[in-house]
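Report on the structure
Residue-level listing of the chains:
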Amino acid sequence: MWYAILAEDVPDSLSKRLAARPAHLERLQALTEAGRLLLAGPMPAIDSPDPGPAGFAGSLIIAEFDSLAAAEAWAAADPYVAAGVYAQVRVRPFKKTLP
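Residues numbered from 1 in each chain as written. Predicted model: local features only at pLDDT ≥ 70, side-chain atom pairs only at ≥ 80, totals over all residues. Heavy atoms only, no water.

Among the nonpolar cores identified, the biggest contains eleven residues, and these are Y3, I5, L28, L31, I61, A63, F65, A71, W74, A75 and V91. At the level of secondary structure, the elements contributing two or more residues to this core comprise β1 (2-9), α1 (14-33), β3 (56-64) and α2 (68-76). Sort the elements by how many residues they give to this core and α2 lands first, with three residues. Among all residues touching V91, those that are not within four sequence positions of it are Y3, A4, I5, L68, A71, E72 and A75. (Core = buried A, V, L, I, M, F, W, Y, C linked by side-chain atoms within 4.5 Å. Buried < 20%, exposed > 50% of the residue type's maximum accessible area, 1.4 Å probe, protein only. Helix = DSSP H or I, 4+ residues; strand = E, 2+ residues; numbered from the N terminus. Contact = heavy atoms within 4.5 Å.)

Here's what the structure looks like:
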């Protein structure tokens, strides 16, 4: 089943994000290679595709896991969590309808 992982950043998270980004992307690449990643990306803190020093407000990942517990465990082990980038992470079941 698909699960949406919605994470909110702590204030001024940009430097922490940049430091942990390679490890974060490595995990997303593993999901991609396994055919389990629907989409992933950061949410700019301002209305711009390149927010510059304003940084990001959070991230959205939609990926396939065997269960809600598995998705929650995967999200809890994210390098952004360990680095203190995320203030809060929520995981919810997701049903893809379109396209």
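So, about α2. Within the span of α2, buried status applies to A71, W74 and A75. Relative to the axis of α2, the buried residues are bounded by an arc of 100° and lie together on one face. In α2, the exposed residues that point more than 90 degrees away from the buried face are A69 and A76. The secondary structure elements touched by the buried residues of α2 are β1, α1, β3, α3 (79-82) and β4 (86-94). (Arc of directions from axis to C-beta.)

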